[in-house]
Amino acid sequence: MNPEKETLCLISYFAREGLHRHIQSVCNDAISKRGEDPIFRFWKAWAIDMEGSPTEALREYSFLDGKREVQYALNAAMLHAHKRCKLTDQEAVRALEERLQDKNAPEQALLLTAMFYWHSGDFNTAREFAEKVPDYQDEYFCSKSLRGWIDLSCDRTTFVEKSINYFNAVVVDTDEPAQGRSTKKDVEAVLGKAQYLEMKKDYNAALELLNRAVVYFPTFIPALIVKAKILIKAGDWEHASEIAQRVLNKTPSNLEATLLSILFLLVRECRPSVVVSGITDLMKLIDQQEPKNPRLYYKIARAFARLSSGNPHVIQMTQSLVERAHKLEPGRSDYLTELGYQCTLLGEINTALSSFKKASQVDEGNVAALIGVIRCQLAMGKLDDAEQQLEFLLEIQASMGKSPELLFLTGVLKWRKHNNRDALIEKLDEAVSILSEQTKDLVPSLNYYAEFNPQFLLEIIREYLQHCPTEPADPTDPPSPVLEKVMKPIELLVRSVPGSLDGQLLSARVKFASGQVETAQITLSNCLRLDPSCAEAHLLSAQIAFNQENYTAAQQALEQALSLDFQVRDSPQYNLLKARVYGATGEYDEALIVLEHALQLAKASRGGADSAGKRAVAPLNQQDHVSIYLELSQTHLRLKNTSAAQKVIQEALGEFRKTKEEGRIMIANAMITAKKDVDQALGILRAIPATSQYFLKARAQMANLYLHQKNNKRAFAKCYEELVEAYPSVSSYVFLGEAYMSIQEPEKAIAAFEKASALDSNDAELAAKIGKALVTTHDYNKAITYYRNVISGDPTKIYLRHDLATLQWRLGAYDKAETVLKEALQSKKAQAEDVPTLTYRIKTLLLLAKVHKSSNDFKAAIDDLIQAKVFQITVLNKSRGEQPDVIVQQRSMAANICYELGELYSDQRLLDKATSAYGEALKHDETHDKSMLALAKLYLRKGELDGCELQCNALLRVDPSNEEATMMLADLMFRKNKFEDAIYHFQQLLEKKPNNYEALVQFVQLLRRAGRLYECPKFFKAAEKALNRARMDPGLHYAKGLFYRYSNNPREALRELNLGRHPKDGQWSVRCIVAMIEIYLNPDNDNIWEDAETTGVDVTENVKTAEKLLKEVTDRNKKALLEAYCLIATKRKENMEKAMTKFYEIMTNDRSLPASASTASASQVMYPSSPTNANGGGSLGPGEKVNVPCLVGMATALQMMKQTPKARNHLKRVAKAVYTQEEADDFERGWLLLADIYIAGGKFDLAQDLLKKALQVNKSCGRAWEFMGLIYEKEQSYRDAADCYENAWRLVNESDPGIGYKLAFNYLKAKRYVNAIDVCQKVLTQHPQYPRIKKDILDKARGLLRP
């Protein structure tokens, strides 16, 4: 595109956008670069004229007089300028009109004239001139593009539809030149066609065209701006923001890109500080680039003020923009009206009233100004004046249709003057309906938000909320129809302006009041993320926390709100909530003080406007006002001041007599009376008329008094029966049915539910209640029959299929449950894939996955979850334009599905797929704690300790109190042999929760390996102190049993473990039994492979006891392993061979081993010394996955059968295997046995390496120290041997006489006679008949001590 063409396209674009100073800048730049050009001089003068300086424009035009190529257009433009002058030169006007009679001009001049008339708004004249040269094109103009734009810009549908033909004639879709010219390079035609497609809402086609334009014309910035605007209309705000930022990166002073960036922040995000900064920069740019553009000031100010969410800093800046516009064009009534409206947003009511009156004086027909006057009068409490003005305006507007603002003001007036709530709600409903209708076909743009006016919608919502409950209702509370009504304007607001903090906050408030607490919390969290300094959000957070009985969090949120805005102290709602928190925590005196202050504030809030006449005092919700009275009376009761409580109630009755809240106060009065006289209380409740909205609640309270105070179940049920007689409605029968259920009369409950269902046969929830009631009677066949009949009779009750399938699943009828669910999927197959249908399919597939999993069809379960995941991703894609809390919920659902899929993969040992599934879950919800924990466990299982640590730390950042993550992190430190770090994490956890026995057990094992077993008892005491019944808890018995076992005290260990194994179905039972069996098989923790032929020790009874206990072990693999060890413990050759066979079977069936490892293991059992396995006994290489317990067991049996080479080959494989904490004891036994073999063979260096490895992972391994001592002893290094034996002696609590003998012997050899005597005496004290220690060591040491 040549420079002249590009410059003229820029001029045309800026003319369409009303950026006249931009045109001047473009023209000046072109003239300075390329020299004097009459066409660019012409457009510069025109822009000066349009800026409001016609005299200066005429001076510019005069330089062009005589230029034939622009003369005709010049005459038209000068005539236009003369007519805009304050003093019109009539003679010049006549002369110019005469010149224009001669229309004989060059083609270029005619097109320039057409372009002038087009941008000046005279489309018919522009079209007339364009038709004179239909096919003209030069370096400046293209007649077809111009004609298309002229037709597209007018308001006549016929011409608009024809415009596309002109654009299509110029824009070609190929790169081939048309008619000898490269027509694809006409950017004006491309922009025109894009705008046409935009008008037709064919955004994809328009964007595709603009994408090509951006490639063809990379320096033409308006193409990017237009693309961003279309993306906004298409709802793709993020992409539009990226393009605006891209433009700003190229040209930081681009006004339109800056404007779009701020619009994105206001509409999509709530970032007040960034918005204020952005508007400040925008105002500087406007001052520099468009200082005389009042319409631009007005246009920006209107939109931004309405999107400000009441932010005073933003409104003050938009107000200054309107003031500038008014200063440039003082005669514009609409500017004064806007100034008045923005003053009302700031609460400057008097100033606003003055502006509205001035606007009315300038233009008596300005309806918006009259509405503004009425708005101010209502705010100032001048209700009579407002009523007169409103009646006058309604008469004027009768012929023009209904106005949402007038409806709103009419409703507010009826409420404030006549206390007519129903009329107010009716007018609000009508206003919302009209607003929805007016805006349903509009698309986002600056003008749209000015007309849509989110601030007005917020006013409507807040007026609704004055008549809504502020907290979730009890089942017996009257339903609030207003809560349902208010959701419509809230959804409209949040859908159009997702970044509206007020909208999000009000949405959370309504959801909380509707009982959707979790959804409200999600929305509220989003609000606090957007603006942590929002005091109102913290107040709502406190209210939700109080509702959830989290009083500490409620108190913290209240303090946070107060620190952010001290004015909340004057809010009755804040004081009511604060008092409730005090009451919940037992601080009744403080609650009383706060409530009395709240009551004073509540009474003051009924006054209307403040004394300064600036801002109306928001009236307190009537329900909250009553709540203050009731809370105050309850506080007096808690302080045992019944007379004061009754006095408060009587005052409330007088205050709210004949209002809808009177019944609620009477109920409170009855409950106070019930503390002294139940019969009198029942009389008060009975007096509440059936017309009261609290009649149901009164009956429910009567029923409770009968049931709990008089223990009269018959009278309890009769209250609900009377309710049904008075109001035979669906809800009454439901309450009656639930009452019967509460007193265990399900048959009567079913009858009540059936009557309710007869009144509303379409209510699926009622059918579900009947089904559940039938299940309660344990008549499962009848329940199944009922579900089937209802489903076959009314296929629309699709969710009952889930109830039926769930029942069949729990009864173990997996095939039938599967059939029902597949039928449910089939019934939805033909329906459109909308969100509700997809959601139903997802729930069905999730339940089907559970059924398949229960029937061990894991492949089908995985397929179900994969399909559910695909559907959920479709739901996510369809929910892009929804409210943030909806998106969060859908993302959470997707994360849960991926998590369940990961769990199935993990169960099937498909670890890579499981890792991928958990990772995908975290992509959907980066705070999904279950997936983070599962991924950490998976990394730990795979030996990827760094990945595990990363996930644990990430989880603890999300949830610092997560016990499992803390335990895993401690275990991780343990596995990395960072014992001190591990101990620190466990101590932190056990200090918070001493009764976390899982952590306590792991901590005992950790302290053992850290060599600090002596620290265990204090944690046992802490657990016992924290809970009275802790001494009897199996978990504590198991932990103590381990402690005594590791301390070489088998008797006490068995006693504790025996206590812990009951009840037999408890979580600790199997673990206790396994530990007991291991102790019985090796009570003294000896090297059982030694002295296989010794008959001095009878182990028969121990083995029999172990075999008896073994019957209680349910884990097949563990049971088989222990059976093999029982056979070894008999020390009979035939039994050892049986044990070898059993170990082989276990290894063959071990699915955790790769096929090669299993084969190798099997071959080693049969041919442990074969040539193919000569390298390390058939080792598959370092770090191989082997069954360590089995290999160690086989090596033990082989060693006891004197087949040492075969045993050594197995143990070498253990030595090369990857160490795991789960098999720590087996690894330790294997290393010790191999070290013993090496010591016997004189390979001390190899033995010492193994012993050091054992001591590295278990500093309490006494046998390792014993073997180390043996090596030093064989090397005749008695001092070193004595040090090693001393450690071993300490670790067995000086209870093993064999170690004591060796220690004393080496003390003797090291000439430490006193130490030798001390050890001998300790051994003889515990074992008086221990052979030879007295003769061999004690006597000799004493003799050597004598002089």
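Residues numbered from 1 in each chain as written. Predicted model: local features only at pLDDT ≥ 70, side-chain atom pairs only at ≥ 80, totals over all residues. Heavy atoms only, no water.

## Structural notes on the overall build of the protein
What the protein contains, in helices and strands, is 71 helices and zero strands. Since a compact globule built from 1347 residues should have a radius of gyration of about 34 Å, the 44 Å found for the protein marks it as more spread out than a globular shape. Overall, the protein is about 145 × 95 × 75 Å in size when its C-alpha atoms are taken along their principal axes. The proportion of buried residues among the 1347 residues of the protein is 54%. A fraction of 59% describes how many contacts in the protein between residues 6 or more apart in sequence connect residues 24 or more apart. For the protein, the exposed surface amounts to about 62300 Å²; the carbon and sulfur share of it is 48%. Computing the positive centroid from 175 side-chain charges and the negative centroid from 175, the protein places the two 5 Å apart. (Helix = DSSP H or I, 4+ residues; strand = E, 2+ residues; numbered from the N terminus. Rg over C-alpha atoms; globule rule 2.2 N^0.38 Å. Buried < 20%, exposed > 50% of the residue type's maximum accessible area, 1.4 Å probe, protein only. Contact = heavy atoms within 4.5 Å. Areas by Shrake-Rupley, 256 points an atom, 1.4 Å probe, with all protein chains shown as cover. Lys, Arg positive; Asp, Glu negative; His and termini not counted. Charge placed at Lys NZ, Arg CZ, Asp CG, Glu CD.)

## Notes on the packing of aromatic side chains
Taken as a whole, this structure holds 29 aromatic pairs when the rule is applied. Residues tyrosine 1125 and phenylalanine 1143 carry aromatic rings whose centres are separated by 5.6 Å and whose planes lie at 75° to one another, so their mutual orientation is edge-to-face. A residue pair is termed long-range when its members are at least 10 positions apart, and tyrosine 1125 in helix α60 (residues 1116–1129) and phenylalanine 1143 in helix α61 (residues 1133–1148) qualify at 18 residues. Each member of the pair tyrosine 1125 and phenylalanine 1143 is classed as buried. A ring pair is formed by tyrosine 1301 and tyrosine 1330, whose centres lie 6.4 Å apart and whose planes are at 50°; its orientation type is tilted. Of this pair, tyrosine 1301 sits in helix α69 (residues 1297–1309) while tyrosine 1330 sits in the loop between α70 (1313–1326) and α71 (1333–1345); the two residues are 29 residues apart in sequence, bridging distant segments of the chain. For tyrosine 1330, a relative accessible area of 25% corresponds to the partly exposed category. Pairwise contacts between aromatic rings join Phe42, Trp43, Trp46, Tyr61, Tyr72, Phe116, Tyr117 and Phe129 into one cluster. (Phe/Tyr/Trp six-rings, centres within 6.5 Å; stacked < 30°, edge-to-face > 60°.)

## Re the side chain of serine 906
Within the secondary structure layout, serine 906 lies in helix α48 (residues 884–907). Excluding anything up to four places from it in sequence, serine 906 contacts Ala914, Tyr918, Leu938 and Arg941.

## Remarks on unusual backbone geometry
Across the junction of histidine 1062 and proline 1063, the peptide omega takes the value 0°, indicating a cis bond. For proline 1063, the position within the fold is in the loop between α57 (1050–1060) and α58 (1069–1081). Phi is positive for glutamate 1294, close to 55°, though the residue is something other than glycine. Within the secondary structure, glutamate 1294 sits in the loop between α68 (1278–1291) and α69. Overall, glutamate 1294 belongs to the partly exposed group, its relative accessible area being 28%. Although it is not a glycine, arginine 1332 adopts a positive phi angle of roughly 65°. For arginine 1332, a relative accessible area of 57% gives the class exposed.

## Quick look at the packing of helix α46 (residues 835–854) against helix α47 (residues 858–878)
Remark: α46 packs on α47, axes separated minimally by 8 Å, with the N-to-C direction vectors making an angle of 160°. Our classification of the angle between α46 and α47 gives roughly antiparallel. The way α46 lies across α47 gives a crossing that is left-handed. Where α46 abuts α47, its residues Val835, Leu838, Arg841, Ile842, Leu845, Leu846, Leu848, Ala849, His852 and Lys853 lie against Phe858, Ala860, Ala861, Asp864, Leu865, Gln867, Ala868, Phe871, Gln872, Thr874, Val875 and Lys878. (Axes fitted to C-alpha atoms, helices over the stretch in contact; angles between N-to-C directions. Parallel < 35°, antiparallel > 145°, perpendicular 65-115°, else oblique. Left-handed = near helix turned anticlockwise from the far one by under 90°.)

## Some remarks on the nonpolar core
As a rule of thumb, soluble globular proteins bury nonpolar side chains together. Tyr720, Val1004, Ile1077 and Phe1143 are the most contacted members of the largest nonpolar core, which has 219 residues in total. Not counting chain neighbours up to four residues away, the residues in contact with valine 1004 comprise Leu1013, Cys1016, Phe1020, Ala1039, Leu1042, Phe1043 and Tyr1046. One finds Ile11, Phe116, Ala189 and Ile460 within the second-largest nonpolar core, a separate group that totals 172 residues. (Core = buried A, V, L, I, M, F, W, Y, C linked by side-chain atoms within 4.5 Å.)

## Some points on the packing of helix α15 (residues 255–268) against helix α16 (residues 272–289)
It is at 10 Å that the axes of α15 and α16 come closest, and there the two elements cross at 155°. One way to sum up the angle between α15 and α16 is to call them roughly antiparallel. With respect to the hand of their crossing, α15 and α16 are arranged in left-handed fashion. Facing Leu255, Thr258, Leu259, Ile262, Leu265 and Leu266 of α15, the residues of α16 in contact are Val274, Val275, Gly278, Ile279, Leu282, Leu285, Ile286 and Gln289. Considering only residue class, the contact of α15 with α16 consists of 11 nonpolar, three polar and no charged. (Nonpolar A, V, L, I, M, F, W, Y, C, P; charged D, E, K, R; others polar.)

Purely geometric numbers; function is a separate question.
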